[in-house]
Amino acid sequence: MTIRTHYCGELRPTDVGSQVTVCGWVDTRRVHSEHLAFIDLRDHTGIIQCVVDEKLDLRSEYVVAISGTVRTRFKGKSNEKLDTGEIEIGDCDVQVLSVAEPPPFPMHERTEVDENIRLRHRYVDLRKPRMQKNLRTRAKVNSSIRASMEKQGFIEIETPMLIASTPEGARDFVVPSRLHPTNFYALPQSPQIFKQLCMVGGLDRYYQIARCLRDEDLRADRQFEFMQLDMEASFVSQEDIINFVTEAVKDATETVSGSRPSDIPRMTWLEAMERYGSDKPDVRFGMELIDMTGIFEGTEANVFKVSCVKGILYKGGSDVLARNAIDALTEKCQNWGAKGLAWFRVGEGGGLEGALTKFMSEEEISEVQNCLSAESGDMVLMIADERKVVNHVLGLLRLEIGRPPVHSGELEFLWITEFPLFGDVGENGQPIPAHHPFTMPLEEDLEKLDSAEGDEYLAIRSQAYDLVLNGWELGSGSVRIHSPEIQSQIFAILGIEKDEAQEKFGFLLDAFRYGAPPHAGFAFGIDRLTAILSGEENIREVIAFPKTQSGSDPLTNAPTLLDAGHLEELGLRLTPPST
RNA sequence: GGUCCCGUGGUGCAGUUUGGAGUGCACGCCGCCCUGUCAAGGCGGAGGUCGCGGGUUCAAAUCCCGUCGGGACCGCCA
């Protein structure tokens, strides 16, 4: 076997004169005749030109070992595009290690290839510099996070993949039990309960780069399986957790990008919802939501006779948005839950123009324009509805119109704090937890727990916090309840009976009876962080073998049917899907 | 559960609005020529179930219905 002496991309003019052996795949070939051919040999470090002066049948993607002498290229023949462009390998002895069929798609990266085809031949796709770079970036993120957590006193602990299903949260993936027919394991949505048990177990500071699985619909930033930095610490506050995570994220970012992010600003959940209509605001651009409810008190215009009116200013939008584009936006707003979209152009003279102006007073028109500082050529887009709907729809509209690609510009990390304890109030008047039922309320809101009724519950804040990057939710965490009294009270408010609580979370509640330290934790998505640090819009680009949006794998054809014997052994019988 | 975009030789696209012979472009592939190229160049050639099924029509890549696959999003993701 030929022994490799150098990587292709690492040869430099200082190596001139050396006898070397490089190994890799044949990239581009420039064959002049049987007397002269230039072979670009590629490995994960880059490309080196090899000069071959005999008749050789070398095709694209053949795997070869080339031994020869490093030499300076002829005068004026160097290639500035390559790091190895001043040199080449001559007097080549070429050993073909594997022949290859022509690749199923171009190996150069000038054209985007259909996702299905890329994934079916992922082993070829992975050879491209883009995927090589991304997966190596991912490895750097992983290792720097490990180093950062250990530097901060955390120890890595593995938790099981086959666990009990819990009813709360995302849909579980389940695994049938052969030894316990009719019983199923669940795959973990996160190691949430185990890490809290680790705290009761006195492990003090736990971390894990954990695989999590959720059977929910896939998106650009969501796969069935994803990796999180999962962590939990005892005897700490929200402030400590934010500092731990900030340090880890900064360390990882610095390792990848070479520059350390500055301090991460904070915003309360309420402020984020009001200014950006989102709990993961993309603060790289403006177009903030402006409250105009006051302007329309006592209005004659029926569309504005609602509890909340807000608008955004689309600078220069009047020239960009033709009538059919506005109609398309209106339709989107309706799909998102609004009744419609109120829109105005700012005309040459500086006045609002639009179908709704005839129902509005002069004063209303001028106040709308003034509060947005709208100028000629701008577009005013407004939603009128309940506050929750207005913020939601206007937040989505803002992204639709103004959002830059997720990786462009600066890295805008942002902490969102003071999440509400309850996300909604059910029809029976009982609140529904926003995070999970072990989330600690904010100290100053504790007494509201006693007196609140109905929608008042929604104003109770919690010690839950999210980390956001360029409009993507990187992760979330909370201070956990360790007091049995508060936990009982929360269960009571949620309408969870003692028996039910014992059934659902019994082992955790049992554990807490044996001496639980105050603890808090966090988890953030490594795929998402890596994607943004890699300049990618989609986490599939930083995952070696991802699934398609429909959850299948074109490479292995997963998911597949099981044969009858296999099902029999597991005690399973299939029913045809209802149509 | 829903909305939208895409599907045409191996790859990426144009052609679809306004139906008229599988027409075109670029890359790749095969063969020949070529001793300094680097997205090499020149000449020649092969390669097609226009995703699939049905309908309308004298005639469908093109219009209609359904379906499959890929992508983006809403819901969902405590």
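Scoring rules and cut-offs
- Residues numbered from 1 in each chain as written.
- Chains lettered and ligands numbered in written order.
- Predicted model: local features only at pLDDT ≥ 70, side-chain atom pairs only at ≥ 80, totals over all residues.
- Heavy atoms only, no water.
- Helix = DSSP H or I, 4+ residues; strand = E, 2+ residues; numbered from the N terminus.
- Buried < 20%, exposed > 50% of the residue type's maximum accessible area, 1.4 Å probe, protein only.
- Polar contact = N/O pair within 3.5 Å; in protein donor to acceptor, adjacent residues only side chain to side chain.
- Contact = heavy atoms within 4.5 Å.
- Pairing = 2+ DSSP bridges.
- Phe/Tyr/Trp six-rings, centres within 6.5 Å; stacked < 30°, edge-to-face > 60°.
- Lys NZ or Arg CZ within 6 Å of the ring centre and 35° of its normal.
- Domains from an automatic or database assignment.
- Axes fitted to C-alpha atoms, helices over the stretch in contact; angles between N-to-C directions.
- Parallel < 35°, antiparallel > 145°, perpendicular 65-115°, else oblique.
- Left-handed = near helix turned anticlockwise from the far one by under 90°.

It is worth spelling out the side chain of N391 at this point. Mapped onto the fold, N391 is located in helix α10 (residues 387-402). Under the relative-accessibility criterion, N391 is labelled buried at 5%. Separated by 3.3 Å, the side chains of N391 and E274 make a polar contact. Residue contacts for N391: discarding those within four places in its chain leaves M273, E274, G277, L289 and K310.

Bringing the sheet that holds strand β13 (residues 308-314) into the picture now. Taking strand neighbours across the sheet as the criterion, the five strands line up as β12-β13-β16-β14-β15 in an open arrangement whose pairing is antiparallel. Only two strands of the sheet have a single partner each, and these edge strands are β12 (290-291) and β15 (352-353). Relative to strand β16 (residues 379-385), β13 runs antiparallel, the two being bridged by seven bridges. Among the inter-strand pairings, V309 is bridged to a residue of β16, identified as A384.

Turning next to the packing of aromatic side chains. The geometry of an aromatic ring pair is captured by two quantities: the separation of the ring centres and the angle between the planes. This model, assessed by the stated rule, comprises 10 aromatic pairs. Ring geometry for Y465 and F522: centres 5.9 Å apart, planes at 5°, overall stacked. Residue Y465 is located in strand β20 (residues 464-469), and its partner F522 is located in strand β22 (residues 519-525); the two are separated by 57 residues in the primary sequence. Taking relative accessible area as the criterion, Y465 reaches 0% and is therefore assigned buried. Among the aromatic residues, those joined into a cluster by ring pairs are W415, Y465 and F522. Over the ring of F285 we find R398; its NZ or CZ atom is 3.9 Å from the centre of that ring.

You can read the domains of chain A as domain 1 (8-98), domain 2 (129-262 + 523-560), domain 3 (286-402) and domain 4 (422-469 + 482-516). For domain 1 and domain 4, the distance between their C-alpha centroids amounts to 66 Å.

The subject of this paragraph is unusual backbone geometry. Here the amide bond leading from A558 into P559 is cis, since omega sits at 0°, within 30 degrees of zero. Its location among the elements puts P559 in the loop between α14 (526-533) and α15 (564-570). Positive phi outside glycine occurs at D91, with the angle close to 50°. Assignment of secondary structure puts D91 in strand β5 (residues 87-98). Judged by its relative accessible area of 57%, D91 is exposed. Even without being glycine, S373 reaches a positive phi, approximately 55°. Within the secondary structure, S373 is located in the loop between α9 (362-372) and β16.

Now for the environment of T293. Residue placement: T293 occurs in the loop between β12 and β13. Considering only alpha carbons, one finds T293 and E216, 77 residues apart in sequence, at a separation of 37 Å. In this structure T293 touches S307, C308, V309 and R387, once residues within four positions along its chain are discounted.

Where helix α8 (residues 323-335) meets α10, the axes come as close as 10 Å, and the angle between the chain directions of the two elements is 140°. Between α8 and α10, the interaxial angle falls into the category oblique. The way α8 lies across α10 gives a crossing that is right-handed. Along the contact surface, α8 presents L329, K332 and C333, while α10 presents V393, L397, E400 and I401.

Right, let's talk about the sheet that holds strand β9 (residues 205-213) for a bit. Read across the open sheet, the eight strands follow the order β6-β9-β10-β22-β21-β20-β17-β11; overall the sheet is mixed. Where the open sheet ends on each side, the last strands, each with one partner, are β6 (155-156) and β11 (266-268). Note: β9 against strand β10 (residues 225-234), nine bridges, orientation antiparallel. Paired with Y206 across the two strands is E232, which belongs to β10.

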